[in-house]
Amino acid sequence: MTAAAPTAGTGSESKARRGFSLRWLVVAVPYLWLTAFFLVPFLIVIKISLSQRAVARPPYVPVIDLSAGIEALIAAIQQFSFDNYIWLTQNPLYLRAYGSSLWIAGISTLLVLLVGYPIAYGMARAPRRWQPTLVMLVILPFWTSFLIRVYAWVGILKREGLLNQFLMSLGVIGEPLTILNTNWAVYIGIVYSYLPFMVLPLYAALEKMDQTLLEAAADLGSPPFRSFWQITFPLSLPGVVAGCFLVFIPATGEFVIPDLLGGSNTLMIGRTLWSEFFSNRNWPIASAVAVVLLLLLVVPIVLFQNRAEKEQGAIGKAPVP
Amino acid sequence: MIARTSWFNVTSVTLGLAFLYLPIVLLVVYSFNESRLVTVWAGFSTKWYVSLFQNRSLLDAAWVTLRVAFVSATIATVLGTLAAIALVRHGRFRGRALFSGMIYAPLVMPDVITGLSMLLFFIAVGLDRGFWTITLAHITFSMCFVAIVVQARLVTFDMSLEEAALDLGAPPLKAFLLITLPIVMPAVVAGWMLAFTLSLDDLVIASFTTGPGATTLPMKIYSSVRLGVTPEINAACTILIGIVTAGVIAASIFTKRREIERRRAERLAAQQA
Amino acid sequence: MAAKAVGPVRRKFAPWNDPSAKPFIEFRNVTKRFGDFTAIDRLSLVIYEREFFALLGPSGCGKTTLMRMVAGFEEPTEGHVFLDGEDLVGVPPYRRPVNMMFQSYALFPHMTVAGNIAFGLKQDRMPKAEIERRVEEMLALVQLTKFAHRKPHQLSGGQRQRVALARSLAKKPKVLLLDEPLAALDKKLREETQFELTDLQQKLGLTFLIVTHDQEEAMTVADRIAVMDHGRIVQIATPAEIYEQPNSRYVADFIGDINLLEGHIASVKDGVVRFESVATGTPIEVVQELDASPGDHAWFAIRPEKVSIALARPGEPLPPNSVEGEVWDIGYLGDVSIYHVRLPSGAILKSTIANATRLVERPITWDDKVWLTWARDSGVVLTK
């Protein structure tokens, strides 16, 4: 934490030692915590995905007992197998679930982008003094229960629900629409819940944009629509990409929304994992499902991390001579 | 700079906000509904609020949730702030790639994966599930959000302030505690509030890591949703919304007042210069 | 280079000429590298006690790095820094008897003016009553006694600067470092503050080290100036010496306005240098002790205010240090007029004349044929 940049060999010993221990602590504490509670659990998931189901407590074999000695450990490792994974890849239901999850998440991300972009754009173009209030209004629902807000959509979307009542009273439709328990309800649910995650990065990118660029374009004869496509949209791309990451990756593994709003044929891997774990009590399979899901998402996650780090520019500062 | 407030912009924002707030408004309205059906308005009544306060299990769940949220938010803030300092101030230390990977991944990781892995971990180490396992799980993913928020503020922090403190004789730790921390405190507080909300809201991870006697409010709500909801839930949510809204309005009035006072003081100073 | 004293000296203060004077701040063969980039290259420098010393140079020349090495925020890659005989290497900034006034002032926004000034004293565990007394003393020094309980955002730019100054002087450091202290001030305030700084320095008897890119500022406040370029010191001298006897084109060009004529040395004899330049055609004579040989490539440098301009020919036969030309452009600055005169060779020579009378119509105007002359000891020949 010292502001000085001590170069090798020029620090006095006691200073280096004291500074070292404090700096070390600042890194070590969160590092150790995350290793213990984030990394190790993943390794355990992988380990269990290689195990078999058993009627026991815990419901899998082999159980690794570190105190039982090296031989017991080796014997246990020899019991590992990729059977669960093979089973998964041969099971069309699961393959469909993965595909469906990626598809639904993808469509939802696109929809969130289409709905969110005009909102973010409107916010960025609003009078300066209203903008903080608008941001606050977008964030506020986030502070109320996510579960409840999704649940409210049940009331709106069901056959006797408000949407149908509203449309029928207007005479737009004769028969109530079946929206609830279909993929469409899931799309609406995801768009609703993840909207702030798209709007806020988009707003941040659009708000930073230099308005005089558009004035210059207009001065050179470009009509508004063309200016948007050739100037505004490309410059807002970082916000678009950030928003898409923030929606797509978690949406792929969503559980609550497909569970409350989706139907029995809404295949999403989050639900599958949940029921495999809680209903079937098949932990090894559930673990394998989780590992495969993670593998599917690892590329977007790594891309997201690299982008986020670069954006923050958090890797030290260049020294100023 | 001319901001063209075209009708398109205004419509988009208005429709967008209406879309966001519609379910909330409905919830609030139906919490006062005489009938328990969400589709029929049968008159104004506060009976659900009354029965809410007599619903032991719901109140217990709310209490558990608040305790978990408070404890996990506080510890997550400490850990997240340390992590932010490590990311911003410690340059390229060995193992940094893994460290920042572990900070950024939970931000987008699907809850089911996090919940499953934490539960399996607790079982493997033989930890009894309950209040503390939920709290530990919440701390782990909340601290990453806190780290991001605090990091964003630290990156823009004017290092010359800390250098000035060092120059005047304060050793590094003191300089940080006396100068840097008070100045970035708003970001730390924002991080705490974010962690608190995330914990309050969480269903999936709590479901995986819970134990006997540690049912959280979201879990309670989820189970009643499957069975058919009484508007007591609506009442609970309306209260929650009321508290949050009141808090936000109070906070923004407070900051507005400080802003006005600050502007007035600056103008006064400029005149007297 | 001539060791002759040049110009009037403000005070009889010149420890650099006193062989028995002890160095107060000393850089000994200091090198500083950031990765591949060498910011400071084998630099040695001695600063004496009670000096007001200026490091002058463009951005990136290494002056700020040098100052930060005295403060303790940078450590030399090689070499040593000494303060009052003590080796500073390895000593952290919070243990050095040095204080710095930051360019951005770096006032603690969450503390009052009094709190800011008291901060350093609290770190020294000074008794409370003494702290209060010292804070009052500092506030009186910078005339901010009534502002003790204000916070920085409630102060104007000039007031903030004075708080920063008071805070950095509160601990009575051996050395005060000033990092471009006047950069943020407007012209009028800057002039006032320059004199306040020199007054303060003399009154308190402290050693001041100032870093600046503004040559006027350096010339006004400093006892000695070190002109830097790319991590090296090009010349160290008093302001008068730097101005009148620059040792290179870099220094001559950096400080003030200069006419530079390229040519070669015709002869060096009896303290007089004969210089020939294609630009003028006519011979140039300079009274100067110069270590050079006939035929050496060199430049002749003369300040515009030392060049006289007249309509009449300076005499028959034509004396050296005179040349004919045509008025190409005139810059009227109110107090002076700068005549840009085009010589037959195509070169432009500048002559600055004070507008000593209120005449609106001056005798010399555009396109006039004029004669430029200067004295034998007005210019200087530079070999680098």
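Owing to the predicted nature of the structure, the values given are computational and were not obtained by experimental measurement.

## Notes on the overall build of chain B
Each helix and strand counted, chain B has 11 helices and zero strands in total. Seen in sequence order, chain B has helices and strands lined up from the N terminus as α-α-α-α-α-α-α-α-α-α-α. For a compact globule of 273 residues, the expected C-alpha radius of gyration is about 19 Å, and chain B comes in at 23 Å, more than 25% above that figure. Its C-alpha atoms put chain B at 70 × 60 × 35 Å along the principal axes. Counting contacts in chain B only where the partners sit at least 6 residues apart, residues at least 24 apart contribute 78% of the total.

## Some points on the overall build of chain C
In terms of regular secondary structure, chain C is built from eight helices and 20 strands. If you line up chain C on its principal axes, its C-alpha atoms span 80 × 50 × 40 Å. Looking at chain C residue by residue over its 384 residues, the buried ones come to 42%.

## Notes on the sheet that holds strand β12 (residues 272-276) of chain C
Residue and element names in this part refer to chain C. Here five strands make up an open sheet; going across it, the order is β13-β12-β11-β14-β20 and the pairing antiparallel. Edge positions in the open sheet fall to β13 (284-287) and β20 (380-382), since each of these has one partner strand only. Strand-to-strand twist in this sheet, taken as the mean axis angle between neighbours without regard to direction, amounts to 45°. Taken together, the six bridges between strand β11 (residues 259-269) and strand β14 (residues 297-302) define a ladder with antiparallel strand orientation. When the sheet's bridge partners are listed, E262 is paired in β14 with W299.

## Here's the deal with the pairing of strand β18 (residues 348-354) of chain C
Residues and elements named next belong to chain C. In this structure, strand β17 (residues 336-342) lies alongside β18, joined through seven bridges in antiparallel fashion. Residue pairing in the sheet places V341 in a bridge with L349 of β18. Linkage of β17 to β18, two consecutive antiparallel strands, is achieved through a turn of five residues, within which G346 is found at a positive phi near 105°.

## Thoughts on the environment of L34 of chain A
In this structure, L34 of chain A sits in helix α1 (residues 13-49). C-beta crowding within 10 Å serves as the criterion here: with 24 such atoms nearby, L34 of chain A is assigned to the buried category. For L34 of chain A and F304 of chain A, which are 270 residues apart along the polypeptide, the C-alpha to C-alpha distance reads 19 Å. L34 of chain A has contacts with L39 of chain A together with M102 of chain B, leaving out every residue within four places of it along the chain.

## Let's talk about the sheet that holds β18 of chain C
Residue and element names in this part refer to chain C. Taken together, the five strands give an open sheet; going across it, the order is β15-β19-β16-β17-β18, and neighbouring strands pair in antiparallel fashion. Looking at the sheet topology across the chains shown, the edges are occupied by β15 (308-310) and β18. Each strand of the sheet is rotated relative to its neighbour by a mean of 45°, with strand direction disregarded. Where strand β16 (residues 322-332) meets β17, six bridges bridge the pair, whose relative direction is antiparallel. Across the sheet, residue Y332 finds its bridge partner in β17, namely S337.

## Things to note about the nonpolar core
By size, the foremost hydrophobic cluster in this structure holds 158 residues, and its most contacted members are A120 of chain A together with L116 and A147 of chain B. Per-element tally for this core: the top contributor is helix α8 (residues 183-208) of chain A, with 17 residues. Residues lining this core come from more than one domain, with at least three contributed by each of domain 1 (14-78) and domain 2 (84-311) of chain A. Setting aside residues no more than four positions away along its own chain, A120 of chain A makes contact with V199, L202, Y203 and L206 of chain A. Counting 114 residues, the second-largest nonpolar core is a separate cluster that includes A71, F108, F119 and Y339 of chain C.

## Here's the deal with the environment of V70 of chain C
Residue and element names in this part refer to chain C. By secondary structure assignment, the location of V70 is in helix α1 (residues 63-71). The class for V70 is buried, based on 21 C-beta atoms found within 10 Å. Sequence separation between V70 and A356 is 286 residues; the distance between their C-alpha atoms is 47 Å. Among all residues touching V70, those that are not within four sequence positions of it are I25, V81, V98, V175, L177 and L209.

## Some thoughts on the interface of chain B and chain A
On the side of chain A, 82 residues touch chain B, which itself brings 76 residues to the contact. Broken down by element, the residue count for the side of chain B that touches chain A peaks at 12 residues, all from helix α1 (residues 7-31) of chain B.

## Thoughts on the confidence of the model for chain B
For chain B, the average pLDDT comes to 86, and 95% of its residues sit at 70 or higher. Taken element by element, chain B is modelled with least confidence in helix α11 (residues 232-272) of chain B, mean pLDDT 79, and with most confidence in helix α7 (residues 159-167) of chain B, mean pLDDT 95.

## Notes on the domain arrangement of chain C
Residue and element names in this part refer to chain C. We note that the domain assignment places domain 1 (15-97 + 173-250) and domain 2 (257-382) within chain C. Of note, the centres of domain 1 and domain 2, computed from C-alpha atoms alone, are 34 Å apart. Tallying the contact residues gives four residues for domain 1 and five residues for domain 2. Here the residues of the side of domain 1 that touches domain 2 sort into one nonpolar, two polar and one charged.

## Some points on unusual backbone geometry
Residues and elements named next belong to chain C. Look at the link from E316 to P317: it is a cis peptide, with omega at 0°. A positive phi angle is found at R125, which is not glycine, with a value near 55°. Relative to the helices and strands, R125 is located in the loop between α2 (113-123) and α3 (128-141). For R125, a count of 8 C-beta atoms within 10 Å corresponds to the exposed category. A positive phi angle is found at K172, which is not glycine, with a value near 45°. Note that K172 resides in the loop between α4 (157-169) and β7 (175-179).

## Here we look at the pairing of strand β19 (residues 369-373) of chain C
As defined by bridge partners, β15 of chain C adjoins β19 of chain C across three bridges and the pair is classed as antiparallel. Considered in β19 of chain C, the bridge of A310 of chain C is made with W371 of chain C.

## Considerations on the packing of α7 of chain B against helix α8 (residues 172-201) of chain B
All names here are of chain B. Running from N to C, α7 and α8 point in directions that differ by 130°, and their axes come no closer than 9 Å. Relative to α8, the element α7 lies oblique. Considering only the axes of α7 and α8, their crossing is right-handed. Along the contact surface, α7 presents L161, E162, A165 and L166, while α8 presents P172, A175, L178, I179 and T180.

## A word on the confidence of the model for chain C
A residue-level look at chain C finds 97% of positions with pLDDT of 70 or above and a mean pLDDT of 90. On the interface metric, ipTM, the complex scores 0.84, and its pTM is 0.83.

## Some words on α3 of chain C
All names here are of chain C. Its 14 residues give α3 an end-to-end C-alpha distance of 20 Å, which sits within 8% of 20 Å, the value for a rise of 1.5 Å per residue. Taken together, the buried positions of α3 are I131, V135, M138 and L139. With its buried residues spanning 100° around the axis, α3 presents them on a single face. Across α3 from its buried face, at more than 90 degrees, point the exposed residues A129, E130, R133 and A140. If you follow the buried residues of α3, they end up packed against α2 and α4. Following α3 by one or two positions, Q143 adopts a phi angle in the positive range, close to 60°.

## What to know about the environment of Y30 of chain B
All names here are of chain B. You can see Y30 is positioned in helix α1. Under the C-beta neighbour-count criterion, Y30 is labelled buried, with 22 such atoms within 10 Å. For Y30 and A214, which are 184 residues apart along the polypeptide, the C-alpha to C-alpha distance reads 29 Å.

Basis of the calculations
- Residue positions are counted from 1 within each chain, in the order its sequence is given.
- Chains carry letters from A onward and ligands carry numbers from 1 onward, assigned in written order.
- For this predicted model, a pLDDT threshold of at least 70 governs which residues receive local features, and a threshold of 80 or more governs which side-chain atom pairs are given and counted, while totals over whole chains, interfaces and linings are taken from all residues.
- Helix and strand assignments come from DSSP, with helices taken as H or I runs of at least 4 residues and strands as E runs of at least 2, each series counted from the N terminus.
- Only C-alpha atoms enter the radius of gyration, while the globule expectation follows 2.2 Å times N to the 0.38, with N the number of residues.
- Here, residues touch in the contact sense if the C-beta positions derived from the backbone fall within 7 Å of one another.
- Here a residue counts as buried when 20 or more other C-beta atoms fall within 10 Å of its C-beta, as exposed when 12 or fewer do, and as partly exposed in between; the C-beta atoms come from the backbone.
- Should DSSP find at least two bridges between two strands, the strands are regarded as paired.
- In this description, a line fitted to the C-alpha atoms serves as the axis of each element, helices being fitted only across the stretch in contact, and the angle between N-to-C directions of two axes falls anywhere from 0 to 180 degrees.
- Nonpolar cores are built from buried Ala, Val, Leu, Ile, Met, Phe, Trp, Tyr and Cys residues. These are joined into a set through C-beta atoms within 7 Å.
- Where each domain begins and ends follows an automated or database-derived domain assignment.
- Confidence scores here are pLDDT values: one per residue, from the predictor, ranging 0 to 100.
- Residues were grouped as follows: Ala, Val, Leu, Ile, Met, Phe, Trp, Tyr, Cys and Pro as nonpolar; Asp, Glu, Lys and Arg as charged; and all remaining residues, including Gly, as polar.
- An angle below 35 degrees is treated as roughly parallel, one above 145 as roughly antiparallel, one from 65 to 115 as roughly perpendicular, and anything else as oblique.
- Handedness of each helix crossing follows the sense of rotation of the near helix against the far helix: counterclockwise by less than a right angle gives left-handed, clockwise gives right-handed.
- A helix is expected to reach a length of 1.5 Å times the quantity of its residues less one.
- Each C-beta atom gives one direction from the helix axis, and the arc is the one those directions make.

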